[in-house]
Amino acid sequence: MVELIAATGRAGLNRVAAFGRAAIFLMQSLVARPAPLQMLPLLLRQIYVVGVQSLIIIIVSGLFIGMVLGLQGYTILVAYGSEQAVGQMVALSLVRELAPVVTALLFAGRAGSALTAEIGLMKATEQLASLEMIGVDPLRRIVAPRFWAGFLCLPILSAVFALVGVYGGALVGVEWLGIYEGSFWANMQNSVDFFDDVLNGCIKAVVFGFVVTWIAVYQGYDSVPTSEGISQATTRTVVYASLAVLGLDFVLTALMFGDL
Amino acid sequence: MTQLDDIIIDVRGLTFYRGERAIFRDVDIQVPRGKITAIMGPSGTGKTTLLKLIGGQLKPDSGEILLDGQNVPSLGRRALFRIRERMGMLFQSGALFTDMSVYENVAFPLRVHTRLPEEMVRDLVLMKLQAVGLRGARDLMPSELSGGMARRVALARAIALDPDVLMYDEPFTGQDPIAMGVLVNLIKRLNEATGHTSIIVSHDIQETMGIADHIYILADGGVIAQGSPEQLMAENSPQVKQFIDGLPDGPVPFHFPADDYQSDLMLGLNNG
Ligand SMILES: Nc1ncnc2c1ncn2[C@@H]1O[C@H](COP(=O)(O)OP(=O)(O)O)[C@@H](O)[C@H]1O
Ligand SMILES: [Mg+2]
């Protein structure tokens with residue numbers, strides 16, 4: 001029994017220590033912001049890898065989720081004769097919840113895991129150590145551009161997801177199920193508020209971008225430099241990032257919409 | 001003991017723990033300037049660890065590591081990065097940046113630390129590549145190189161800034177005899193041509209003995225012998241003889257510490 005308590009305590013302390021290390025690591029990467037001129041090409045390249053290459057999966061997923069929302073919304077709302085409200089439903093669920101959350105989850109799987117594996121492999125092949133020996137801070141050179149790229153790209157990807165999703169909803173609702181186009185869009189326009197909905201969705205996306213990318217680069221940097229260690233770190237990135245996104249989403253939603 | 005007058009790296013009272021285990025216990029090592037010093041010893045004695053300590057990538061639990069009088073472990077981040085410009089390190093795996101061509105790998109330290117015009121960088125890179133015999137491979141990517149070639153490119157990168165100290169971690173391991181001969185000659189020639197100090201970490205006795213001016217043999221957390229190759233050949237201590245003659249077992253045990261073998265096997269029987 002005592003051993004159990006001791007083990008729990010130790011595990012707890014280890015978690016806290018790991019969190020502290022991750023926080024220090026992040027501070028050092030962010031403070032170690034390199035000169036813009038050197039940073040820019042590195043950042044652009046990472047934006048390409050992390051952001052542009054994630055576009056396809058985001059667009060395809062956004063389209064399908066928007067279409068599903070349109071379909072489900074129609075079957076539910078048509079019973080009450082209010083199928084014109086499908087536009088409003090699709091847009092609100094996307095902007096408030098699904099776009100930031102699903103984008104962050106897809107991003108963790110698509111880009112986060114790749115970031116972890118890449119940095120972990122650089123560690124295992126002593127590329128990080130040799131950067132240090134050349135006198136270049138790997139936090140500056142490797143971690144910082146990747147972190148900023150992820151942080152900047154996720155909100156944009158989330159916006160793309162929402163746009164494509166709304167289009168998917170219209171495709172199903174208007175083109176296929178024949179909702180009157182005017183009321184579909186007008187309802188949407190009237191009900192979606194810029195500050196309450198769009199801005200809050202953006203805040204979520206920014207927070208998720210921060211957390212997911214942080215977890216991904218830290219797990220890579222902190223990984224045990226063996227094949228097994230890297231594979232575990234990659235798994236941890238996806239698991240921790242997904243849980244963090246879902247947990248934070250609840251907290252943020254409670255803060256933003258809880259007093260309705 | 002040989003008399004060493006001009007010391008560039010002076011390690012004093014170095015103690016370093018990995019968890020509970022002491023990798024180094026109160027170790028003293030002096031590296032003479034401009035010479036080739038070899039650090040030898042069985043795998044796992046902490047040779048790579050020693051290089052990382054000298055390079056400031058690890059911090060000792062106690063002791064000093066002086067590079068021309070500057071204590072490396074006590075340097076701040078910035079001063080540390082500055083002093084590393086004077087050190088080149090050839091990692092065991094080569095550690096080339098896999099997203100850059102051979103040319104860009106060698107140019108990298110120059111671009112980071114100097115503001116030279118592109119033509120000058122180009123000339124320097126080609127000179128360094130020529131020195132390792134790989135000028136023709138400048139456009140290849142690291143994944144297209146053989147192990148021996150990758151190590152030579154890494155060597156060209158390590159000497160790009162003309163460091164005062166060049167550290168080689170196991171440069172001969174996993175090389176075929178020809179690549180090995182090429183590397184041995186290269187290390188010797190570079191040392192003579194540029195006058196930098198070389199530290200070679202290795203367990204390849206013949207090759208290392210052939211080029212080293214001074215040798216330290218590490219085992220069990222300390223230096224068990226040191227001297228010129230001739231002095232070590234004449235050494236009579238059984239520990240040193242075992243290592244130099246490459247005997248599998250002796251005072252330096254082949255086995256990692258373990259319970260008694262027979263009773264360990266019996267244990268399996270009893271439990272099963
Ligand atoms: N990152 C690490 N964490 C814990 N122990 C390590 C680590 N790196 C090396 N060691 C241990 O330190 C000892 C010395 O390692 P190393 O310096 O790589 O030996 P060598 O280069 O002489 O073969 C080994 O026993 C190894 O198990
Ligand atoms: Mg080693």
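The structure under discussion appears in the preceding block.
In this text, all values refer to a predicted model and were calculated from it rather than measured experimentally. (Residues numbered from 1 in each chain as written. Chains lettered and ligands numbered in written order. Predicted model: local features only at pLDDT ≥ 70, side-chain atom pairs only at ≥ 80, totals over all residues. Heavy atoms only, no water.)

Turning our attention to the site of ligand 1. All names here are of chain B. Around ligand 1 lies a shell formed by Arg-18, Arg-21, Ile-23, Ser-43, Gly-44, Thr-45, Gly-46, Lys-47, Thr-48 and Thr-49. In the model, a nitrogen atom of ligand 1 is placed 3.3 Å from a nitrogen or oxygen of the Arg-18 side chain. A distance of 2.5 Å separates an oxygen atom of ligand 1 from a polar side-chain atom of Thr-49. Within the complex, the protein chains bury 57% of what would otherwise be the 560 Å² of accessible surface of ligand 1. Grouping the amino acids of the shell around ligand 1 by side-chain chemistry returns one nonpolar, six polar and three charged. (Near = heavy atom within 4 Å. Polar contact = N/O pair within 3.5 Å; in protein donor to acceptor, adjacent residues only side chain to side chain. Areas by Shrake-Rupley, 256 points an atom, 1.4 Å probe, with all protein chains shown as cover. Nonpolar A, V, L, I, M, F, W, Y, C, P; charged D, E, K, R; others polar.)

Residues and elements named next belong to chain A. The interhelical angle for the contact between helix H6 (residues 138–176) and helix H7 (residues 181–191), taken along N-to-C directions, is 150°, at an axis separation of 10 Å. Along this stretch, H6 crosses H7, giving a crossing that reads as right-handed. Here H6 contributes Val-166, Gly-169, Ala-170 and Val-174 to the contact with H7, which in turn contributes Glu-181, Phe-184, Trp-185 and Met-188. For the contact of H6 with H7, a count of residues per class yields six nonpolar, one polar and one charged. (Axes fitted to C-alpha atoms, helices over the stretch in contact; angles between N-to-C directions. Helix = DSSP H or I, 4+ residues; strand = E, 2+ residues; numbered from the N terminus. Left-handed = near helix turned anticlockwise from the far one by under 90°. Contact = heavy atoms within 4.5 Å.)

Here we come to the pattern of salt bridges. Residue and element names in this part refer to chain B. A full pass over the atoms with the stated rule returns 18 salt bridges over all chains. One salt bridge in this structure joins Arg-86 and Asp-164, with 2.7 Å as the shortest N-O distance. Residue Arg-86 is located in the loop between helix H2 (77–84) and strand E6 (87–90), and its partner Asp-164 is located in the loop between helix H5 (147–158) and strand E7 (165–169); the two are separated by 78 residues in the primary sequence. Judged by relative accessible area, Arg-86 falls into the partly exposed class, the value being 24%. Among the charged side chains, a network of salt bridges with common partners joins Asp-6, Arg-33, Asp-68, Arg-86 and Asp-164. (Salt bridge = Lys/Arg side-chain N within 4 Å of Asp/Glu carboxyl O. Buried < 20%, exposed > 50% of the residue type's maximum accessible area, 1.4 Å probe, protein only.)

By the secondary structure assignment, His-196 of chain B is in the loop between helix H6 (177–194) and strand E8 (197–202). Polar contacts involving the side chain of His-196 of chain B include one to the side chain of Thr-194 of chain B, which spans 2.6 Å.

What follows covers the packing of aromatic side chains. All names here are of chain A. In total, this model carries 12 aromatic pairs over all chains according to the counting rule given. Aromatic pair Phe-147 and Trp-148: ring centres 5.7 Å apart, planes at 75°, arrangement edge-to-face. You can call Phe-147 buried: its relative accessible area is 1%. Consider the rings of Phe-147 and Phe-210, whose centres lie 5.7 Å apart with planes at 85°: the pair is edge-to-face. (Phe/Tyr/Trp six-rings, centres within 6.5 Å; stacked < 30°, edge-to-face > 60°.)

Another aspect to go through is the sheet that holds strand E9 (residues 214–219) of chain B. Residue and element names in this part refer to chain B. Pairing is mixed across the open sheet formed by six strands, whose spatial order is E6-E7-E8-E3-E9-E10. Each having just a single partner strand, E6 and strand E10 (222–227) make up the two edges of the open sheet. Each strand of the sheet is rotated relative to its neighbour by a mean of 15°, with strand direction disregarded. As defined by bridge partners, strand E3 (residues 36–40) adjoins E9 across four bridges and the pair is classed as parallel. Opposite Ala-38, over in E9, you have Ile-215 as the bridge partner. (Pairing = 2+ DSSP bridges.)

This part is about the interface of chain A and chain B. Many descriptions give the size of an interface as the accessible area lost when the pieces come together. Taken together, the contact between chain A and chain B spans 15 residues of the former and 22 residues of the latter. Considering only the side of chain A, the residues that lose the most area to chain B are Glu-126, Met-133 and Ile-134 of chain A, jointly responsible for 38% of the buried surface there. For the pair chain A and chain B, the interface holds three salt bridges. Among the salt bridges present, the one from Arg-84 of chain B reaches Glu-132 of chain A, with a minimum N-O distance of 3.9 Å. At the boundary of chain A with chain B, the tally comes to eight residue pairs in polar contact (both at pLDDT 80 or more). Contributing elements (two or more residues each) for the side of chain A that touches chain B: helix H5 (127–134) and H6 of chain A. Examining the composition of the side of chain A that touches chain B, we find that seven residues originate from one element, H5 of chain A, more than from any other. (Buried area = accessible area lost by both parts, 1.4 Å probe.)

All names here are of chain B. Two numbers describe how helix H3 (residues 102–113) lies on H5: the axes approach to 8 Å, and their chain directions differ by 25°. In terms of their interaxial angle, H3 and H5 are classed as roughly parallel. Pair H3 / H5 crosses with right-handed handedness. Here Val-102, Asn-105, Val-106 and Pro-109 of H3 lie close against H5, whose contacting residues are Val-153, Ala-156 and Arg-157. The residue makeup of the contact of H3 with H5, split by class, is five nonpolar, one polar and one charged. (Parallel < 35°, antiparallel > 145°, perpendicular 65-115°, else oblique.)

A separate point is the environment of Val-49 of chain A. All names here are of chain A. Relative to the helices and strands, Val-49 is located in helix H2 (residues 36–51). By relative accessible area, which is 34% here, Val-49 ends up partly exposed. Separated by 66 residues in the primary sequence, Val-49 and Leu-115 have C-alpha atoms spaced 9.6 Å apart.

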